[in-house]
Number of protein chains: 2
Amino acid sequence: MPDKVLVYSRFPKAQLVRFGERYEILNAAGQRPDQAFAASEIADIRAMIASGGAPLGGDVMDTLPKLGAIVCYGTGYDGIDLAAAAQRGIVVGHSPGANAASVADIAVTLMLAAVRRLPVADSYVRSGDWAGRKPSPMMRPQAGMRGRKVGVYGMGEIGRKIAARVAAFETEIGYFSRTRYDLPYQYLPSLEALADWCSVLMIAVRAGADNVNAVDADILRRLGSDGFVVNIARGSVIDQPALVAALTDGTIAGAGLDVFASEPHAPDALTALPNVVLSPHLGGHTLESHVAMQDCVLANLDAFFAGKPLPYEVRGA
Amino acid sequence: MPDKVLVYSRFPKAQLVRFGERYEILNAAGQRPDQAFAASEIADIRAMIASGGAPLGGDVMDTLPKLGAIVCYGTGYDGIDLAAAAQRGIVVGHSPGANAASVADIAVTLMLAAVRRLPVADSYVRSGDWAGRKPSPMMRPQAGMRGRKVGVYGMGEIGRKIAARVAAFETEIGYFSRTRYDLPYQYLPSLEALADWCSVLMIAVRAGADNVNAVDADILRRLGSDGFVVNIARGSVIDQPALVAALTDGTIAGAGLDVFASEPHAPDALTALPNVVLSPHLGGHTLESHVAMQDCVLANLDAFFAGKPLPYEVRGA
C-alpha cells in the first residue's frame, strides 16, 4: 500500500501526476481537509503538499492528527505558520531554487517590457494605429536600459539570477539584503539607500512579517519619475494602493508585476493603467521549473516516509 | 551662413532639433526633394539626411545636382542604392553601433515576451479572467529559457550584444554569419545548420540583396514546434507569408517582430495571432540611442563640410 498524502492547495491536475505515481493522493483542492474528506479518511494522513503562499495555520494542521510534514510546492513558505508547525512537531519542506531561473526570467521580462512599453507597442501595431500613422504619445522615445542603475532587493538565489541577467544589459547593479555577500555588485545599507541610488527596483526578497508593505510611498518617491518597480516576490512586500497612486500621478514611470496583494485579484485601478505590465503569478510556471519543483517535493516526501530528515527543509520551522 | 542640409525622410521634429542648431535644414519629410522645394532652393544642397531603410535611388539623387553626401540616421543603409551613389561621387555615412544596445534590448524583450507569452498574460490579468479563475489554455506552463539553444543570425555589433544578453539566461549560444569570429559561441556553417541546432532564432543580420527571404518555410520548419523566431533586423530577411503560415499551423511556437515586410503595415493574418509579440520598429528608439545616432549624423556632416572623410562612412559605397 502506498503512503497517503493530502494535497491541501488547489493545483492543476497535470502538476500532481508524478505524486500519484508514488503515493495515494487525497486532493482537498483548496478546501479544509475535514470539509473535503471524512474524518476516517484523513485520520492516518502523515504528510501534505501545499502551495507556500496560501495561509495554512494551526487550525488546519489540527484537522490531521497524524500530520508530520508539510511539503511546499515552490520556494515560498510565507503562508505556513511555522511556529504552529514547530509546536506540533511538524517539519516543513520547500523547493528552494527549483524555479529560480524561471522567476528571474520573468522579472527581467517584466522589467524590459515596462521600460520599453511593450504591451502598449504590441497594441499599437495590432490596432492598426501604426499602419494609419496615428501618433501615440506612449510611443515617444524613452530612456532605455543602458547605463541605468538597477537595484535588487533581496539577494537569495532568485536575486542573484536577476542580477546576473540584468548586468548583461550594460547596467550597474546594486543590492540591499540583510546579509552583505561577496558579490561584484554595490551593496547599499538600506532599502531607502537602494531606492535613492537606483531607478529600477527589482523586488526579490523572501516575503515575511518583517517586510510587509516595505516598498511604500516613500520608497517609490525615491525611485523618481523615471523609476520602475518590478515585483516577482509576493504582493505583500508592496503597499499596493501607494503603488497605484505613484503610477497614476507620475511619481514613477512604470511597473511590472507578477504578484499582487490579494491573488488572483488585480484591482481595476491597476489593470486600467497603460504604464504597467501584469502577469498572473506565472514566474515559476515553466515546464522545467515544475519538473524541478516536483523533484524537490518527491525528495522531501520520500525522505519523510523513510524516517530521514527532509533534504529541503525550511530552517527555523 | 550655415550650410544647408536636406532632410529626405520623415522624422519626428524632436529628432531634428540638434541638426537645426548647426545647419539650415530643408525638411522634405518623405517627399521627393524636387516636389517639396523649388529647384532654386535645392540647387546648392550638398548633403542630405535619410533614414537608411527607405528606398533612395539615383533618380532622387539626381534631383540635387550638388549632392555629395547621404548621411543615414541609424545603422542601416539598405534603402540606399550604393552603386548609384558611387557613380555620382556621393559618399554615404551611417550611425554604426549607436543604437546597438537599444536594438539588442528589444530583441531580448521580444524573445522573452514571446517565450513566456507576456501579452497574453497581461491581457489575461486585465480582462478579469484570472480573478474569475477562468482557465486559459494559453496560460499552461511552457518551456522557458534555461537550457535552450539560441541561434544568432548575423554577428555584427547588434548580434554580439544580443548574444551577450541571452547568454546570461543560462542558454547555449550559437551563430552563423559570413565571417567566423573569435567568440565564445558555437559557430554553425550555414543558416540551415543554425536553424537545425537552435530552437530560438534571433535575426540580427545586416539586410541586403543576398538575404531577402533568407528565413523561409524550410528554415522555420528546422526550428521545430517549440521554436521561436525574433526579428529586429529588417522585414525583408523573413518570408513573411511563410512565417504567418508557420505560426498558424504550429510549425513553430511563436515569434517576436520589431520589423515587417512593408512598414508600417503589419498584415491582419499576423496581428490576429496570439503567439506573436509585435512592436512598431522601435528597436533603436530610446533617448540614449537617438542622442548617439545624432552624434554620428553630426560627426559625418561636420567632416563632410570640412572636406574630410566621413568618420562613419559606409564601406563599399
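How each quantity is defined
Residues numbered from 1 in each chain as written. Chains lettered and ligands numbered in written order. Predicted model: local features only at pLDDT ≥ 70, side-chain atom pairs only at ≥ 80, totals over all residues. Heavy atoms only, no water. Pairing = 2+ DSSP bridges. Helix = DSSP H or I, 4+ residues; strand = E, 2+ residues; numbered from the N terminus. Axes fitted to C-alpha atoms, helices over the stretch in contact; angles between N-to-C directions. Domains from an automatic or database assignment. Contact = heavy atoms within 4.5 Å. Buried area = accessible area lost by both parts, 1.4 Å probe. Salt bridge = Lys/Arg side-chain N within 4 Å of Asp/Glu carboxyl O. Polar contact = N/O pair within 3.5 Å; in protein donor to acceptor, adjacent residues only side chain to side chain. Nonpolar A, V, L, I, M, F, W, Y, C, P; charged D, E, K, R; others polar. Buried < 20%, exposed > 50% of the residue type's maximum accessible area, 1.4 Å probe, protein only. Right-handed = clockwise from strand over helix to strand, strands pointing away. Least-squares fit on C-alpha atoms with pLDDT ≥ 70 in both. Phe/Tyr/Trp six-rings, centres within 6.5 Å; stacked < 30°, edge-to-face > 60°. UniProt positions renumbered as here; feature names shortened; annotations may be inferred. pLDDT = per-residue confidence, 0-100.

**Comments concerning the sheet that holds strand S3 (residues 47–50) of chain B**
All names here are of chain B. Strand order in the open sheet formed by 5 strands is S2-S1-S3-S4-S5, with parallel pairing between adjacent strands. Edge positions in the open sheet fall to strand S2 (24–27) and strand S5 (91–93), since each of these has one partner strand only. The mean angle between the axes of side-by-side strands here comes to 25°, regardless of whether they run parallel or antiparallel. Pairing of strand S1 (residues 4–7) with S3, which is carried by 3 bridges, proceeds in the parallel orientation.

**Comments concerning the domain arrangement of chain A**
Residue and element names in this part refer to chain A. Per the domain assignment, the segments making up chain A are domain 1 (4–94 + 286–306) and domain 2 (99–278). The distance between the C-alpha centroids of domain 1 and domain 2 comes to 32 Å. Counting from both sides, the interface comprises 11 residues of domain 1 and, opposite them, 6 residues of domain 2. Carbon and sulfur atoms supply 46% of the area buried between domain 1 and domain 2, which totals about 640 Å² over both sides. A salt bridge links Asp78 to Arg234; the nearest nitrogen and oxygen atoms lie 2.8 Å apart. There are 3 residue pairs in polar contact (both at pLDDT 80 or more) connecting domain 1 and domain 2. Classifying every residue of the side of domain 1 that touches domain 2 gives 2 nonpolar, 7 polar and 2 charged.

**Focus: the interface of chain A and chain B**
Often, the extent of an interface is quoted as the loss of accessible area on bringing the components together. Listed by partner, the interface residues are 58 residues for chain A and 56 residues for chain B. Taken together, the connections running from chain A to chain B amount to 4 salt bridges. The partner of Arg165(B) in a salt bridge is Glu170(A), with the nearest N and O atoms 3.0 Å apart. Mapped by element, the contributors of at least two residues to the side of chain A that touches chain B are helix H6 (100–115), helix H7 (118–127), helix H8 (157–167), helix H12 (268–271), strand S12 (276–278) and helix H13 (287–305) of chain A. Ranked by residue count, the leading element in the side of chain A that touches chain B is H6(A), at 9 residues. A class-by-class count of the residues in the side of chain A that touches chain B yields 32 nonpolar, 14 polar and 12 charged.

**Description of the pairing of strand S7 (residues 172–176) of chain A**
Among the 5 residues that make up S7(A), 4 are buried, leaving the element largely enclosed by the rest of the structure. Handedness of the β-α-β unit built from strand S6 (residues 149–153) of chain A, H8(A) and S7(A) comes out right-handed.

**Quick look at the side chain of Asp122(A)**
With respect to the helices, strands and loops of the structure, Asp122(A) is situated in helix H7. Among the residues examined, Asp122(A) registers a relative accessible area of 6% and is labelled buried. In this structure the side chain of Asp122(A) is engaged in a polar contact, spanning 2.8 Å, whose partner is the backbone nitrogen of Leu278(B). Setting aside residues up to four positions removed in sequence, Asp122(A) forms contacts with Pro119(B), Val276(B), Val277(B) and Leu278(B).

**Structural notes on the relation of the copies chain A and chain B**
Between chain A and chain B, the superposition needs a rotation of 180° and an axial shift of 0.0 Å, giving an RMSD of 0.0 Å. The transformation just described matches what one would write down for a two-fold rotation axis. Most of the interface of chain A is mirrored in chain B, where 97% of its interface residues again form contacts.

**Observations concerning the packing of aromatic side chains**
One pass over the full model with this rule turns up 17 aromatic pairs over all chains. Between Phe11(A) and Tyr73(A) the ring centres are 5.1 Å apart and the planes differ by 45°, which places this aromatic pair in the tilted class. Taken together, the residues Phe11(A) in the loop between strand S1 (4–7) and helix H1 (17–22) and Tyr73(A) in the loop between strand S4 (69–72) and helix H5 (82–87) connect sequence positions 62 residues apart. Assessed through its relative accessible area of 11%, Phe11(A) is described here as buried. The exposure class assigned to Tyr73(A) is buried, which follows from its relative accessible area of 7%. Seen from their ring centres, Phe176(B) and Tyr187(B) are 6.5 Å apart, and the 40° between their planes marks the pair as tilted.

**What to know about unusual backbone geometry**
Residues and elements named next belong to chain A. For the peptide bond that leads from Glu263 to Pro264, omega is 5°, which places it in the cis range. Tracing the backbone shows Pro264 in the loop between strand S11 (254–257) and H12. Its identity as a non-glycine residue notwithstanding, Ala29 has a phi of 50°, on the positive side. By the element assignment, Ala29 lies in the loop between strand S2 (24–27) and helix H2 (33–36).

**Overview of the UniProt feature "domain: D-isomer specific 2-hydroxyacid dehydrogenase catalytic" (unreviewed entry) in chain A**
The UniProt entry lists residues 6–314 of chain A under the feature "domain: D-isomer specific 2-hydroxyacid dehydrogenase catalytic" (unreviewed entry), expressed in the numbering used here. Secondary structure across residues 6–314 of chain A comprises 35% helix and 14% strand; the distance between its end C-alpha atoms is 19 Å.

**Thoughts on the confidence of the model for chain A**
With 99% of its residues at a pLDDT of 70 or more, chain A shows a mean pLDDT of 96. Taken together, the chains of this predicted complex give a pTM of 0.91 and an interface ipTM of 0.91.

**Remarks on the pairing of S11(A)**
Residues and elements named next belong to chain A. Burial along S11 is two-sided: the face carrying Gly254 and Gly256 and the face carrying Ala255 and Leu257 are both buried. Where strand S10 (residues 228–231) lies against S11, 4 bridges are found, and the strand directions are parallel. The residue of S11 that forms the bridge with Asn231 is Leu257. Handedness of the β-α-β unit built from S10, helix H11 (residues 240–248) and S11 comes out right-handed. Both S11 and S12 contribute to a ladder of 3 bridges, which runs parallel.

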